[in-house]
Amino acid sequence: HLYPAADMVQYLRYTVMITLFLSVTSMSKKYQEQRIMAIAFFFVVIADFFLVFSTTWHLSIDLSPLGGMGFLLAYLCLIAAYQRNFRIGWPEVLSAIPIALIFFWVFLILKPYVQGPMLIGALLFGIVLCYMTWTAVSTVYRGYYSPKIARLLALSGSLMFISDMGVAISMFHPDYAGVFVPWLKNFVWATYVPGWTLLALVISD
């Protein structure tokens, strides 16, 4: 909390995600969905290499687009796992509304500060993120996963979504970009780590 930019803190954060990845990799997997979810952890470790670990090198170049690509691939894996028994009914439609409203609210706030290819990339990433969150929540209604697992997936996806909204604000809003704001950094990691930890619990169940 006091030293969010310290290299040791970044090492600790990256170690947490590597540990989760190694944990899900070592678990026995009976279902294809478990294997797909585990692949998502691989892409997350790659993404955090560019977004977290590489910051300790204090480079002058921005590696965040590579990190964003890693998360994009991870979310595509999760979408593939969550699509079972796909259907769209009123519960799914109603679930999409708050996700879309939050995303467009953040997008409108940040749009004046994001231009060119970065804006297109951010919009594409946001659409994939929203869809992943929506289909994670929709597992509650589709009946493929058990009620317990579906609730964990819904909570996991929601926490990932909230975390990425915080990341977007910290990256693009001029009041937060380029500086370390402890409360915002804590907010991001307090939602990011539990979100992926819940997914690791799903794989182990």
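Please refer to the structure higher up on the page.
Scope of this entry: the structure provided in the associated data block. Just so it is clear, the structure is predicted and the values come from calculations on it, not from any experiment.

Right, let's talk about the overall build of the protein chain for a bit. The helix and strand tally for the protein chain stands at seven helices and zero strands. In terms of overall size, the protein chain behaves like a compact globule, its C-alpha atoms giving a radius of gyration of 17 Å where 205 residues would be expected to give roughly 17 Å. Expressed as lengths along the three principal axes of its C-alpha atoms, the size of the protein chain is roughly 45 × 40 × 30 Å. Within the protein chain, buried positions represent 43% of all 205 residues. Long-range pairs, those at least 24 residues apart, make up 78% of the contacts in the protein chain with a sequence separation of at least 6. When the accessible surface of the protein chain is summed, it comes to about 10,700 Å², and 74% of that surface belongs to carbon and sulfur atoms. Of the charged side chains in the protein chain, 11 are positive and 8 negative; the average position of the first set lies 11 Å away from that of the second.

The next thing to look at is the nonpolar core. Counting residues in each nonpolar core, the largest one holds 57 residues, and the members touching the most others are Met37, Phe41, Tyr75, Leu78, Tyr82, Trp196 and Leu199. At the level of elements, α1 (7-26), α2 (32-51), α3 (64-82), α4 (90-110), α5 (116-142), α6 (147-172) and α7 (182-204) are the ones that each hand at least two residues to this core.

On to unusual backbone geometry, then. Within the chain, His58 stands out as a residue other than glycine whose phi angle is a positive 55°. Looking at where His58 falls in the secondary structure, it is placed in the loop between α2 and α3. We note that Asn85 has phi near 55°; this positive angle belongs to a residue other than glycine. With relative accessibility at 42%, the residue Asn85 sits in the partly exposed group.

What follows deals with the environment of Gly157. Its place among the elements puts Gly157 in helix α6. Among the residues examined, Gly157 registers a relative accessible area of 0% and is labelled buried. Between the C-alpha atoms of Gly157 and Val137, which are 20 residues apart in sequence, the distance is 7.1 Å. Excluding anything up to four places from it in sequence, Gly157 contacts Met132, Thr133 and Ala136.

So, about the pattern of salt bridges. With the rule as written, the count across this model stands at two salt bridges. Glu33 is the salt-bridge partner of Arg84, the closest N and O atoms lying 2.7 Å from each other. Of the two residues, Arg84 sits in the loop between α3 and α4 while Glu33 sits in helix α2, which places them 51 residues apart along the sequence. Here Arg84 falls in the partly exposed class, since its relative accessible area comes to 24%. Owing to a relative accessible area of 7%, Glu33 belongs among the buried residues under this scheme. In this structure, the salt-bridge partner of Asp205 is Lys148, at a minimum N-O distance of 3.0 Å. Taken together, the residues Asp205 in the segment after α7 and Lys148 in helix α6 connect sequence positions 57 residues apart.

Analysis parameters
Residues numbered from 1 in each chain as written. Predicted model: local features only at pLDDT ≥ 70, side-chain atom pairs only at ≥ 80, totals over all residues. Heavy atoms only, no water. Helix = DSSP H or I, 4+ residues; strand = E, 2+ residues; numbered from the N terminus. Rg over C-alpha atoms; globule rule 2.2 N^0.38 Å. Buried < 20%, exposed > 50% of the residue type's maximum accessible area, 1.4 Å probe, protein only. Contact = heavy atoms within 4.5 Å. Areas by Shrake-Rupley, 256 points an atom, 1.4 Å probe, with all protein chains shown as cover. Lys, Arg positive; Asp, Glu negative; His and termini not counted. Charge placed at Lys NZ, Arg CZ, Asp CG, Glu CD. Core = buried A, V, L, I, M, F, W, Y, C linked by side-chain atoms within 4.5 Å. Salt bridge = Lys/Arg side-chain N within 4 Å of Asp/Glu carboxyl O.

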